[in-house]
Amino acid sequence: AGRPRRHARSAEEAVGIEDMRLESEHEHGLSLKRKSLMLERIPKKVIPHYAPRAGQGAATIEAVFSSRGPAAGAGAGVGVGPNEGRGEAGEVGEGGGETPAAAAAAAAVEGDSDGGDVLEPGEGMPGSESPTILVDEYCLEPGEAMVRIEEAPGNAVRIFSGIDIVAPMDEVWSLLTDYDHLHEIVPSLESNKVLVRRPCGGARIEQVGAAKVMPGVKFKAKMTLDVHTYLEDNPLMENQTAGYVDDFSVPSNEVREASSKIPLRRGVFPRPYAITDLPHRDITMANVPDAPGDFDHYQGVWRVQPLQGCAPRGEDAARLTYAVEIKPKGMLPVKLIERRIASDLKTNLGAIRASAEANVRLKMEERDTQLLKQAKEEADSMEFGEEKIQKIMELKKKYSIKSHSQL
């Protein structure tokens, strides 16, 4: 139980691990027909991505992004969903000195200033299309966060959420570990204060979150959290999580039933929502028992991992997931707040996605500006002639320049 899962250190090694797994399954008589039935059970919001090694023959992810319209792509608005774009990339960063990431996070939740519920009816509940786990072989619908809500013993709940982001894993990680500025990115945080910084990358943080649970009723929660980080060479161990699931063919209702019987234990976190053989990083958060706060129990696991084949060609993708178990203090029924907390998690993941993608776009624009400057200087130094004309034509094509005056 205490062993870590085998993690690949590269995409090539991940393919090798997958090949060995398939060979093992073949030896044990797992037919291709059963494997096909397993794939058919994947919810509609989970999309098979282009994976030559698996021979799935699915459309490339570029076609998926194109079919979703500009709001789903990396260079588009920063809305949370395919129809929720909040502005063009050029607008990011405007508005009184805000960082592009903070401006993008704010834009991602614009129009939800009243704290509205962003979940669809029944979303994440039994009978919904929320998967038990997220696996490398499938991409999430661009811009869409998945949410799953499971009962836990007593007055408690476990909530799982995940989103795919068109940004490198390092970009997402830097946002999550910038503890001083989390409140600028995460919409549900009213205040955020770093009390202690740890040399290993963790911290102790005091936070106040707020959520509107019904008209005229706002739930505020104060917590002091201990935060610990786990890098690629020091993964979170299986015995540090409860209810481990690594097979998405297990029926959802069976996973829910098992989860409802797993007790809350200090230091044993809910199972990560993403299972991967690629290098990944985890962040655990747990409320400090003797510190003032509104939760009797709060423990969560963030996971950030790279994704192969889940971004437009030439760009990187990462998957961000969060699994949390919550038990409020006193007589407050968890049923009253669980949907609202799940809704806020979905909004928060969308805001983090928007921030990371905005930072990537800004860096790409700065890089292109510098490259264009260098290319223009090179063209200016050339004598007029066929070679210079060819150079100018190349610049116009590469940087989508329509007018000679721009050169």
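Criteria and cut-off values
- The numbering scheme is per chain: residues are counted from 1 as the chain's sequence reads.
- Owing to the predicted nature of the model, reporting of local features is limited to residues with pLDDT of at least 70; listing and counting of side-chain atom pairs is limited to 80 or more, with chain, interface and lining totals taken over all residues.
- As a rule here, side-chain values cover all heavy atoms of the structure and leave hydrogens and water aside.
- Paired rings are identified among Phe, Tyr and Trp, the last through its six-membered ring, by centres lying within 6.5 Å, and are further divided according to the angle between planes into stacked (under 30 degrees), edge-to-face (over 60) and tilted (the rest).
- By definition, any uninterrupted DSSP run of H or I lasting at least four residues is a helix, any uninterrupted run of E lasting at least two residues is a strand, and each is numbered from the N terminus.
- A 1.4 Å probe rolled over the protein chains alone gives each residue an accessible area, and that area as a share of the maximum for its type sets the label: buried under 20%, exposed over 50%, partly exposed in between.
- Both a distance and an angle decide whether a charge sits over a ring: NZ of Lys or CZ of Arg must be within 6 Å of the ring centre and within 35 degrees of the ring normal.
- Arc definition: directions from the helix axis to the C-beta atoms.
- Each pair of strands is called paired provided DSSP finds at least two bridges between the two strands.
- Two cysteine sulfurs form a disulfide in these notes if their separation is within 2.5 Å.

Student: Got a minute to help me understand the packing of aromatic side chains in this structure?
Tutor: Applying the stated criterion across every chain yields a total of 3 aromatic pairs. The interplanar angle of 25° and the centroid separation of 4.2 Å between the aromatic rings of Trp302 and Tyr322 together place this pair among those described as stacked. Of this pair, Trp302 sits in strand S13 (residues 295–307) while Tyr322 sits in strand S14 (residues 317–328), placing them 20 residues apart in sequence. The pair Trp302 / Tyr322 is uniform in exposure class, with both members buried. Between Arg271 and the ring centre of Phe160, over which it is positioned, the NZ or CZ distance is 4.2 Å. Lying across the ring of Trp173, Arg281 places its NZ or CZ 5.5 Å from the centre.

Student: Is there a simple way to explain helix H7 (residues 252–259) in this structure?
Tutor: The periodicity of an α-helix, 3.6 residues per turn, causes residues three or four positions apart to be oriented the same way. Among all positions in H7, only Val255, Arg256 and Ser259 are buried. Taken down its axis, H7 places every buried residue within 100° of arc, on the same side.

Student: Would you explain the pairing of strand S12 (residues 281–287) in this entry?
Tutor: A regular strand carries its side chains on alternate faces of the sheet. Burial analysis of S12 places 7 of its 7 residues in the buried class, which makes it a mostly covered element. With burial as the criterion, each face of S12 is covered, one bearing Arg281, Ile283, Met285 and Asn287 and the other bearing Asp282, Thr284 and Ala286. Sheet analysis places S12 next to S13, joined by 6 bridges and oriented antiparallel. Note on S13: the bridge partner recorded for Met285 is Gly300.

Student: Any chance you could explain the state of the cysteines here in plain terms?
Tutor: Every disulfide links exactly two cysteines, by a covalent bond between their sulfur atoms. Under the criterion given, the structure shown has 1 disulfide. Sulfur-sulfur distance for the disulfide between Cys139 and Cys310 comes to 2.1 Å. Residues Cys139 and Cys310 are joined by a disulfide whose S-S torsion is about -85°; by sign, that bridge is left-handed. Taken together, the residues Cys139 in strand S3 (residues 138–140) and Cys310 in the loop between S13 and S14 connect sequence positions 171 residues apart. Looking at Cys310, the relative accessible area reads 4%, which means it is buried.

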